[in-house]
Amino acid sequence: MAKKGRGRRSGNSNGNKLGNRDDRQPWSQIKQENENWERYYKELDIIPGDFETFKKTCQETLPLTFRVTGSRKHAEVIASMFKNKIMPLLENAEGTEGYKKPFALPWYPDNLGYQIDLPKQVIKKVPEYAKVQKFLMVENEVGNISRQEAVSMIPPLVLDVEPHHHVLDMCAAPGSKTAQLIESLHTFKDSTDETRQPTGFVMANDSDYRRAYMLVHQIKRLNSPNAVVVNHDAQMFPKMRLEENGPYIKFDRILCDVPCSGDATMRKNIMVWKEWRFGNALGLHPLQLNILKRGLQLLKPGGRLVYSTCSLNPIENEAVVAAALKLYKKVKLVDSSNRLPGLIRHKGISNWKVFGKDGEVKQPGEDDKLPSTLFPPSPEEAESLHLDYCMRVYPQDQNTGGFFITVFEKEAEPENEITTKREATEELESENVKKQKTEEAEDVTAVVKQRKEKLPIDANEEPFIFIDQANEKLKRCWDYYNVADDFPKDCTLVRNATGEPLRAIYYVAPVIKDILQNNDKKLRFIYTGVKLFVAQKSDVCPWRIQSECLNAIRGYLPDSRTIEINLELLKLLLVEVSPSVASIKESNADPEFLKQIEEVGEGSCFVKVNTKNEFNEVLFFPLWKGKSSYNLMVNKHETAELLYRLFDIDKAALDKEAAAKKAEAAEAAKAIVEKTDAETEAPN
């Protein structure tokens with residue numbers, strides 16, 4: 001998608017600098033008309049069907065779309081809940097007559113993508129929509145769904161990420177596609193074991209320091225120890241190693257969703273109507289080509305790269321693709337016409353007009369300021385380039401935004417082929433990469449300037465320091481929880497300058513450890529790791545396991561500290577904060593639990609719950625056993641989601657009711673005190 005960034009050079013910004021102006025009008029005052037835009041696309045004659053239908057669609061608001069995330073079984077649970085509990089609310093709601101009912105996107109795998117076509121003005125009048133909004137809010141908070149534009153979901157799907165892949169997202173912020181890549185990395189098609197961990201990784205990059213931190217919020221929800229966020233100019237992305245003095249590695253999969261004019265996002269970004277210019281695409285073309293070239297250089301033989309934009313302009317799309325294909329003879333396009341059945345898409349084009357900034361059509365060589373890569377290939381070149389393999393998605397076809405997607409594949413090298421030094425150099429270097437010698441000096445000022453700006457409240461600029469295996473605090477944790485020896489115990493780190501475990505201990509996958517240790521002087525790391533242990537006041541074990549890391553470590557924990565509980569007790573533990581042992585006994589919710597927990601020492605233990613739904617979903621949580629109470633260690637968002645999904649309880653309403661009762665009790669107590677004081681002070 002188009003990035004509304006801070007400047008051209010960044011490799012992750014909109015060269016048109018949309019959204020950085022002080023004279024912007026309120027959206028309600030912006031006219032959804034642009035004569036130059038209309039003339040441009042009419043003269044290009046690339047829009048299928050009636051142009052007025054296309055224009056009218058571009059003037060309408062986008063429908064609400066989202067996808068269900070997470071492991072296969074859990075995703076099925078959430079999708080089933082939406083289909084059977086939420087969709088019926090809108091299907092027969094008064095006031096929705098004449099509108100298409102909510103539906104699963106026909107092309108999204110396993111019916112996990114959904115669309116609601118109701119306009120906002122209709123939604124506001126539908127009482128039932130309050131429950132829909134509640135579902136979307138609660139499930140989005142915990143990462144069970146991701147609200148994302150439908151066409152934005154396409155590039156990660158055709159990239160075909162597998163658990164062993166090394167994946168690079170070159171221009172990643174704000175991170176919805178990155179999240180898809182991470183989900184794919186954790187999906188084993190041949191296994192339903194939710195604790196199984198991938199051996200690959202996803203590296204998410206953004207050149208803008210603040211936007212890089214935007215990625216953190218998206219990634220944190222997924223609790224993946226196999227993801228890392230870095231901050232670099234995508235045009236000159238550094239080479240990296242996985243072992244000291246080892247060979248530079250290349251990536252199996254690369255997503256190259258470059259900065260663009262965003263002229264296919266008019267339905268959600270109304271400013272495009274006002275700020276569209278003939279020169280927007282001309283200015284972005286060199287940047288886009290540089291990023292694509294660097295991506296192809298970093299691609300492993302046999303690997304796959306997806307180039308995408310949310311623009312319909314051939315200058316940003318086919319012209320960039322054709323230029324790259326001419327440069328790299330070992331790269332070809334992949335025909336993806338049989339992928340994502342149900343998706344209406346159109347073939348890429350091989351012929352287009354080039355307009356100058358003055359709005360006049362130009363011929364090759366007519367204007368020295370226009371590079372030759374802007375112009376279409378000759379008929380002979382077009383035949384071999386197969387630009388028809390590119391995918392164009394238009395808004396009017398299925399009520400979406402517009403998008404352009406192309407799948408590249410690099411020719412695999414024969415096993416016994418010895419690459420010459422010259423060929424290797426050509427693969428690794430380019431005229432842009434040579435600039436890396438001055439990159440650090442050029443970027444340092446920009447980075448310092450960005451760091452002075454206000455960062456997100458959870459931003460952490462501390463170093464990543466791995467913990468010495470002889471550290472007594474860490475050894476005590478392994479012994480207390482009896483973690484199996486084959487767990488990667490050398491992959492724990494802290495985020496503080498002392499290198500000592502103070503408040504939190506993080507875990508990263510072994511491959512991420514290799515990246516951190518062997519590239520600390522080349523890569524600017526922003527975020528990685530999931531919380532494994534958090535400091536806890538306790539004489540037994542001052543560190544408790546965090547729920548974020550349970551999937552990674554669960555398979556290495558013994559059964560001795562795990563107790564199976566029923567849904568009634570789970571409900572009690574979610575509704576009450578730290579219920580006492582006495583209150584649990586009094587509730588008689590789960591007598592068997594009380595027998596088993598007596599055999600477990602004070603401190604952290606785990607509870608397992610079979611939801612007994614149609615998918616036999618099993619939930620697993622850490623539980624803190626105190627001297628006189630129990631505390632289910634899940635955060636407030638998880639608590640709200642579980643109560644809502646399993647018991648149809650609104651946590652916010654519950655808290656409001658509790659607060660009201662507390663206030664009422666306080667008022668009553670205050671009245672008694674005042675009455676007593678008045679009686680005491682009254683004369684006899």
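Residues numbered from 1 in each chain as written. Predicted model: local features only at pLDDT ≥ 70, side-chain atom pairs only at ≥ 80, totals over all residues. Heavy atoms only, no water.

> Explanation requested: the packing of aromatic side chains in the structure shown.
A ring pair, where both rings are aromatic, is described by two values, the distance of the centres and the angle of the planes. Enumeration according to the criterion identifies 30 aromatic pairs in this entry. Judged by centre distance (5.0 Å) and plane angle (70°), the ring pair of Trp 37 and Trp 273 falls under edge-to-face. A residue pair is termed long-range when its members are at least 10 positions apart, and Trp 37 in helix H1 (residues 35–44) and Trp 273 in helix H9 (residues 271–275) qualify at 236 residues. Geometrically, the ring pair formed by Tyr 481 and Phe 533 is stacked, given 5.8 Å between the ring centres and 15° between the ring planes. Highlighted residues: Tyr 481 in helix H16 (residues 472–481) and Phe 533 in strand E20 (residues 530–535), separated in sequence by 52 residues. (Phe/Tyr/Trp six-rings, centres within 6.5 Å; stacked < 30°, edge-to-face > 60°. Helix = DSSP H or I, 4+ residues; strand = E, 2+ residues; numbered from the N terminus.)

> Help me understand the sheet that holds strand E4 (residues 145–147), please; the structure alone is not making it clear to me.
Hydrogen bonds between backbone atoms are what pair the strands of a sheet, whose relative direction is either parallel or antiparallel. Strand order in this open sheet of four strands is E2-E3-E1-E4, and the pairing throughout is antiparallel. On the outer flanks of this sheet lie strand E2 (103–104) and E4, each paired with one strand and no other. Bridge count between strand E1 (residues 64–68) and E4: three bridges; the pairing is antiparallel. Counted as the bridge partner of Arg 67 is Ser 146 from E4. (Pairing = 2+ DSSP bridges.)

> Quick question: what am I supposed to make of the environment of Pro 48 here?
Examined against the element boundaries, Pro 48 turns out to sit in the loop between H1 and helix H2 (51–58). For Pro 48, a relative accessible area of 24% puts it in the partly exposed group. In this structure the C-alpha to C-alpha distance between Pro 48 and His 346, which are 298 residues apart in sequence, comes to 8.5 Å. (Buried < 20%, exposed > 50% of the residue type's maximum accessible area, 1.4 Å probe, protein only.)

> Even after reading the chapter, I still don't get the side chain of Arg 561, so can you show me in this structure?
When you line up the elements, Arg 561 lands in the loop between helix H18 (550–553) and strand E22 (562–565). Despite its burial, Arg 561 pairs with no opposite charge; the closest candidate is Glu 602, at 9.3 Å N-O. Among the polar contacts made by the side chain of Arg 561, one reaches the side chain of Tyr 480 at a distance of 3.0 Å. At a separation of 3.3 Å, a polar atom in the side chain of Arg 561 contacts the main-chain carbonyl oxygen of Gly 601. Each residue touching Arg 561, except ones within four places of it in the same chain, is listed here: Tyr 480, Val 600, Gly 601, Glu 602, Gly 603, Ser 604, Cys 605 and Phe 606. (Lys, Arg positive; Asp, Glu negative; His and termini not counted. Salt bridge = Lys/Arg side-chain N within 4 Å of Asp/Glu carboxyl O. Polar contact = N/O pair within 3.5 Å; in protein donor to acceptor, adjacent residues only side chain to side chain. Contact = heavy atoms within 4.5 Å.)

> What's the story with the packing of helix H3 (residues 72–91) against helix H22 (residues 636–647) in this structure? I'm lost.
Any two packed helices are characterised by how steeply their axes cross, that is the angle between the axes, and by the distance between the axes. Here H3 crosses H22 at 55°, and the two axes come no closer than 11 Å. Here H22 runs oblique to H3, going by the angle between their axes. For the crossing formed where H3 meets H22, the hand is left-handed. Residue-level contacts link His 74, Val 77, Ile 78, Met 81, Lys 85 and Ile 86 of H3 to Glu 641, Tyr 644 and Arg 645 of H22. (Axes fitted to C-alpha atoms, helices over the stretch in contact; angles between N-to-C directions. Parallel < 35°, antiparallel > 145°, perpendicular 65-115°, else oblique. Left-handed = near helix turned anticlockwise from the far one by under 90°.)

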